[in-house]
Structures are given as C-alpha cells and as structure tokens.
Amino acid sequence: MIMEVTVTVNGHAYTRTIEPRLLLTHFLRDELGLTGTHWGCDTSNCGTCVVWLDDVPVKSCTVLAVMADGRQVRTVEGLEGADGLDPVQQGFVACHGLQCGFCTPGMLMTARWLIDHNPAPSEGDIREAISGQLCRCTGYENIVRSVRWAAEHEAGVREHTVEEAGTEVQA
Amino acid sequence: MQVPAQFRYEKASSVEHALTLLDRFGAESRVVAGGHSLIPMMKLRLAQPEALIDINDLDELATISVEQSTLCIGALVRHTDLLSSALVGEHFPIFADAERVIADPVVRNRGTVGGSLCQADPSEDLSAAFAAVRGEAVIQSADGVRTVPVREFFVGPYQTVVEPGELLVQLRVPIRSSASAYLKVERRAGDWAVAAAGAELRLADGVLAETGIGLTALGAPNFHASEAEDFLTGGPATDERFAEAGRIAARHCNPIADQRGPEAYKRHLAATLVDRVLRVARTRWNGLHPEEEAR
Ligand SMILES: Cc1cc2nc3c(=O)[nH]c(=O)nc-3n(C[C@H](O)[C@H](O)[C@H](O)COP(=O)(O)OP(=O)(O)OC[C@H]3O[C@@H](n4cnc5c(N)ncnc54)[C@H](O)[C@@H]3O)c2cc1C
Ligand code: FES
Ligand code: FES
C-alpha cells in the first residue's frame, strides 16, 4: 500500500507518496532531505531523533510518517529565526554544549520546548527534561549549562524589553 | 535499520468508525495508539498486523473527568496528561507517583494509558497501579459496551480480555480514599521496573476497611497481592502488620531471574516495597484525616 500524505514541516507543507511503514525520522531525512534530525538507536532510547509533532516533543523513530499526515512538525532546521540562531543554539555554542554533535538536534528540540513551558528551569528540571536522551561525549554538564544560558539570556532580553517599554510610556 | 513489514493503514475518525474498521479488517488488524510498544514490536517483526487502525484522532477518548465519584480516564490519555492532571493528583496520587517513573518525558508525551494496559507487559507500571485501586476497563465493540475489572483484564503476558473487534475506551476508578502511593526500583532513570508496588488504603474506626496492593515485574497474578490484602483488611494499620504484609506478598509472587536481578533479590524488593508503599499511603491518609490519625 502507498499513501499520499501532506506534512507541514517548519511551516512548509510537503506532499509525498509513501509506504505506511515509513518512520517519521526517515521521512524527514530521506524524503525531505532534512538531515538535521538524527537517527541513532532506533529503539526510542537515545532521543537524537526528537522533533515536535503538533508542538509536543516526540521520538520520531517511533512515529509513523502517516501519523503526521495533516499535522505540524518542527525540526532543528526550524529553530533558526530571521534574526539568527535561536537562543538555545546560541547557548550550546557559548557553553560548549556539544562535542561530536550527534545528540544535539534532539537536545535542542527538547530544550526549546522546556524553556517555552518553564522559562526559568532549575538544573533538576533540565536534567529531567533530557532524561530520555543520551549524550556520549559531554557528561551532560555543559548541556545543562547551555540550556540555563539560553533561559537566562531570554529572561534578560525579556526584562530589557519591559524596561524599554516602561521608559517609552514615561516619555 | 529496523523496518516493519508491510501493512495497511487506516485513520479512524470516531469510535464508531474505529469499530467499523476493526470489524472490516478482522483478527489480523491492530489498533495503534501511541505506538510506543507496538511500533518497536513491529520493527522487530514480533508483531506483524495486516492493518493498523490509528485512533490518535479520537479526542473523545483523551479526556479525564470525575463522574459520580468515579474518576474516568479515556484510553487515549497520554502518560504526560495523567501525570499533570490536578484532578488525578488530588484523588489518586498513586498515578502521579507511577507516571513520574514511567519511561522518560518524551516517551510519556506519546504513550497512552489504554495502550499501556492493552500491551499487558509483565512489567507495566500502570497495570499494577490500576490493579491496586481496583479500576475497571470499559470495552466497546459493534455489539455494545462491557465493563471488566482490571483485576480480571489480564489473561497472561501480553494478553488481555480485549477481543478482535473490540476497543478499550476508558478506565474507571471509584474514588474511595485518595490515600494511595507507588514505589519503583529501577536500574537507571526511565527504565522498566526491577520491581514496583502500589497501594491504596481506607481506614474506618482505626481499622483498615479496604486495602489494595498492586505489584509489577514480580509475577503476581493479575498484578496484585490478594493474600497480603486479605491479611491486612479488618485490622489496624501498624508498622508490624505492614512488614508482615510485605513478607506475605513476597512469598506469594513469582518473580523470575533475568538481567534485572535474581529471584531472591526481587522477593526481597517485594517485601520492602510493599511495606514502604503502605506507609506512604498511611501518611497520606493521616494528612487527609488528621482527626482520626492511624499509627
Ligand atoms: C523507551 C521506553 C521506555 C518505557 N518505559 C516504561 C516503563 O518504565 N514503565 C511502563 O509501564 N511502560 C514503559 N514503556 C511503555 C510505554 O508506557 C508505552 O507507551 C505503553 O506501553 C504503550 O502505550 P501506547 O499508547 O504507545 O500503545 P501502542 O504501542 O499504540 O499499543 C500497544 C498495544 O495495545 C493495543 N492498544 C492500544 N490502545 C488500544 C485501545 N484503546 N484498545 C485496544 N487495544 C489498544 C495495540 O493494538 C497494541 O497491541 C516504555 C516505552 C518505551 C518506548
Ligand atoms: S533514534 Fe529515536 S530514540 Fe534513538
Ligand atoms: S555531543 Fe556527542 S553524543 Fe552528545
């Protein structure tokens, strides 16, 4: 059996004809050429394949591409905005949050979701959020620092914006 | 690369539609919910369904509510939603305790309550939690709806009473006490249990009016410890009796030696976890009923 599906990835609608047994990871990598999403253990343990499905992080090696038909997917390629790298990406650069980089796409997607829902995560919150994801290089310390950097950076930017707005009102 | 065998895929748009599809494709079709147990099994070709019926669009099965003092949990409720539900946390802390240690947050975003029970893995945490609180499974087919106590839901490892053509639609738990807890020993964060125990208790006039004890990964028949429950019910909630209940549960379960540990270690865990989880449940009871504090 083959089926036509339309999946919106990072805001672009892609229509493809696929077998139902195709996994979302391979759909993204092989059909769309979006190889930012990595593929590792194939057993939902390592988390390098994490993408957002309808705004929720999932392990895409354990989701069928047909299950994403008509839905929204966000991958690591969708993090960068018009004004440059996303703060979590900047955090990983600033704090050496990666060495080989294999786990990084999944870590970034989970970190982005965490900060969106918990703008001031504690170290425990961060470790819990990434507990389903393996990194063989960093020992996690620098990943945790990177996520904190991003959260603090965003909070700083936000306070700054509020201050500016306040000055404007006074003037 | 692990790839499932070929299959036909159908997306159900309502419970009725899912039941029609299940009828049409018969015994060789399988429901897929979160897919976090079924897809791995299909990758390993341990499962090879000819048709998959996707129920992820059935929002009507994704709700949590309280109706007439009964907590109603839709089969499609995700682990993460059970964990974050204030309603569940208030009435059944056992589920919040259990969910915190099921897999990891990303897996919990996808796996469902109904899928967990239907998978019937001998180490499934929610099976023990629902057995402890004496939940009921609501099963629907083209012929109508039937309700089966969770304690009679499991036929054996990976086997339940859900027949081809049937859909698990809801879990129901009468709210009897709100004093419950769950404890698990795992090798590392997010792993399946080496052993785990859940308990619920209700006191009246200083004695245990009701006791529920669930066990997982310990080979307990239908995920509960009936001998230990029978021993406790009708007597006071003392430390000595909790310890004895643990020893009884350890004697009557049937753990097997595997990569998670030898049999004797698992029996030791059964005794210790039952004792401790009963104490946590008692502490919660006392917190809710300070006027009639049990020891
Ligand atoms: C890495 C990892 C770690 C895990 N760790 C744990 C753990 O520590 N503890 C634990 O308890 N679980 C654990 N799990 C299992 C997890 O809880 C699964 O999500 C759950 O077992 C299955 O839920 P699902 O919705 O994904 O089911 P699916 O995989 O979709 O389905 C499982 C089975 O149930 C059937 N089914 C599903 N829904 C229905 C329905 N409504 N009616 C009839 N049949 C239905 C399917 O046909 C299939 O046979 C883990 C899973 C993974 C991947
Ligand atoms: S490849 Fe998906 S979790 Fe490892
Ligand atoms: S940076 Fe190498 S696995 Fe994480």
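A quick note: this is a predicted structure, and the numbers were derived from the prediction, not measured. (Residues numbered from 1 in each chain as written. Chains lettered and ligands numbered in written order. Predicted model: local features only at pLDDT ≥ 70, side-chain atom pairs only at ≥ 80, totals over all residues. Heavy atoms only, no water.)

1. Things to note about the site of ligand 1
Put simply, the test is: When at least one non-hydrogen atom of a residue lies within 4 Å of a molecule or strand, that residue is treated as near it. N or O atoms within 3.5 Å of each other form a polar contact, as long as, within protein, one can give a hydrogen and the other can take it, and as long as residues adjacent in sequence are counted only when both atoms are side-chain atoms. For the area figures, the Shrake-Rupley method with a 1.4 Å probe applies, and any residue is considered shielded solely by the protein chains shown. Under the DSSP-based scheme used, a helix requires at least four consecutive residues in state H or I and a strand at least two consecutive residues in state E, with every element numbered from the N terminus. Only Asp, Glu, Lys and Arg are considered charged in this grouping, and only Ala, Val, Leu, Ile, Met, Phe, Trp, Tyr, Cys and Pro are considered nonpolar; every other residue, Gly among them, is considered polar.
By nearness alone, 32 residues border ligand 1, and Val31, Gly35, Leu38, Thr112 and Asp125 of chain B come closest of all. Close to ligand 1, residues of chains A and B are found. The separation between an oxygen atom of ligand 1 and a polar side-chain atom of Arg30 of chain B is 3.0 Å. Here an oxygen atom of ligand 1 sits 2.8 Å away from a polar atom, N or O, in the main chain of Ala33 of chain B. Within the complex, the protein chains bury 95% of what would otherwise be the 980 Å² of accessible surface of ligand 1. Listed by contribution, the elements that provide at least two residues to the shell around ligand 1 are strand E2 (29-32), helix H7 (113-119) and strand E10 (167-174) of chain B. With four residues, H7 of chain B is the single largest residue contributor to the shell around ligand 1. Grouping the amino acids of the shell around ligand 1 by side-chain chemistry returns 14 nonpolar, 13 polar and five charged.

2. So, the UniProt feature "domain: FAD-binding PCMH-type" (unreviewed entry) in chain B
Defined as follows: UniProt positions are given in the numbering used here, feature names are shortened, and annotations may be inferred rather than shown by experiment.
If you check UniProt for "domain: FAD-binding PCMH-type" (unreviewed entry), the listed places come out as residues 2-178 of chain B in our numbering. Helix makes up 32% of residues 2-178 of chain B and strand makes up 26%, while its end C-alpha atoms are separated by 44 Å.

3. With respect to the pairing of strand E2 (residues 12-18) of chain A
Residue and element names in this part refer to chain A. To keep it simple, the criterion reads: Only strands that DSSP links by at least two bridges are regarded as paired with each other.
For strand E1 (residues 3-9) and E2, the ladder comprises seven bridges, and the chain directions are antiparallel. Bridged to Met3 within E2 is Ile18. Here E1 folds back onto E2, and the loop between the two strands holds two residues, one of which, Asn10, carries a positive phi near 50°.

4. A closer look at the sheet that holds strand E11 (residues 180-186) of chain B
Residues and elements named next belong to chain B. In plain terms, the rule: For helices, the axis comes from a line fit to the C-alpha atoms of the stretch in contact; other axes are also lines fit to C-alpha atoms, and the angle between any two N-to-C directions lies between 0 and 180 degrees. It only takes one pair of heavy atoms within 4.5 Å for two residues to be counted as in contact.
Across the sheet, three strands lie side by side as E11-E12-E13; this open sheet has antiparallel pairing. Sheet topology places E11 and strand E13 (207-216) at the edges, where each strand pairs with a single neighbour. Taking the axes of each pair of neighbouring strands and ignoring which way they run, one obtains an average angle of 15° across the sheet. In the sheet, strand E12 (residues 193-204) pairs with E13 via nine bridges, with the strands oriented antiparallel. Bridged to Glu200 within E13 is Gly212. Of the strands in this sheet, E11, E12 and E13 are in contact with helix H11 (residues 263-288), which crosses E12 at around 35°.

5. Points about the side chain of Asp121 of chain B
Residues and elements named next belong to chain B. Where we set the bar: Throughout, exposure labels follow a simple rule: accessible area from a 1.4 Å probe, protein chains only, divided by the maximum for the residue type, with under 20% read as buried, over 50% as exposed, and the rest as partly exposed. His residues and chain termini do not enter the charge count, which takes Lys and Arg as positive and Asp and Glu as negative. By convention in these notes, a salt bridge is any Lys or Arg side-chain nitrogen within 4 Å of a carboxyl oxygen on Asp or Glu.
In this fold, Asp121 is placed in the loop between H7 and helix H8 (125-132). It is Arg260 that comes nearest to the buried, bridge-free Asp121 among opposite-charge side chains, at 7.8 Å. Apart from the residues within four sequence positions on either side, Asp121 is in contact with Tyr158, Trp192 and Phe223.

6. Quick look at the state of the cysteines
This is how it is decided: Criterion for a disulfide: a pair of cysteine sulfur atoms within 2.5 Å.
Inspection of every chain in the model, using the stated rule, returns zero disulfides over all chains. Of the cysteine sulfurs around Cys72 of chain B, a residue in no disulfide, the closest is that of Cys118 of chain B, at 17 Å.

7. A word on the domain arrangement of chain A
All names here are of chain A. Condition: Where each domain starts and ends follows an automatic or database-derived domain assignment. Joining two parts hides part of their accessible area as seen by a 1.4 Å probe, and the buried area is that hidden amount summed over both.
Domain boundaries in chain A define domain 1 (3-78) and domain 2 (87-170). Computed from C-alpha coordinates alone, the two centres of domain 1 and domain 2 are separated by 23 Å. Counting from both sides, the interface comprises 17 residues of domain 1 and, opposite them, 15 residues of domain 2. Together, the buried faces of domain 1 and domain 2 total about 1200 Å²; carbon and sulfur atoms form 65% of this surface. The tally of links between domain 1 and domain 2 comes to zero salt bridges. The tally of links from domain 1 across to domain 2 stands at six residue pairs in polar contact (both at pLDDT 80 or more). Contributions of two or more residues to the side of domain 1 that touches domain 2 are made by strand E3 (50-53) and strand E4 (56-59). Of all the elements, E4 adds the most residues to the side of domain 1 that touches domain 2, at three residues.

8. Digging into the interface of chain B and chain A
Across the contact, 30 residues belong to chain B and 31 residues belong to chain A. For the pair chain B and chain A, the summed buried area comes to about 2500 Å², and 60% of that belongs to carbon and sulfur atoms. For the pair chain B and chain A, the interface holds ten residue pairs in polar contact (both at pLDDT 80 or more). Elements supplying a minimum of two residues to the side of chain B that touches chain A: strand E1 (8-11), helix H2 (38-43), strand E3 (51-54) and helix H6 (105-108) of chain B. Tallied by class, the residues present in the side of chain B that touches chain A amount to 14 nonpolar, seven polar and nine charged.

9. Section: the domain arrangement of chain B
Residues and elements named next belong to chain B. By the assigned domains, chain B splits into domain 1 (8-54), domain 2 (59-174) and domain 3 (179-288). Computed from C-alpha atoms alone, the centre-to-centre distance between domain 1 and domain 2 is 18 Å. At the interface, 14 residues of domain 1 touch 17 residues of domain 2. Per-residue buried area on domain 1 facing domain 2 is highest for Val15, Leu19 and His36; these three make up 40% of the total on that side. For the interface between domain 1 and domain 2, the tally reads zero salt bridges. Of the residues assigned to the side of domain 1 that touches domain 2, the class counts are eight nonpolar, four polar and two charged.

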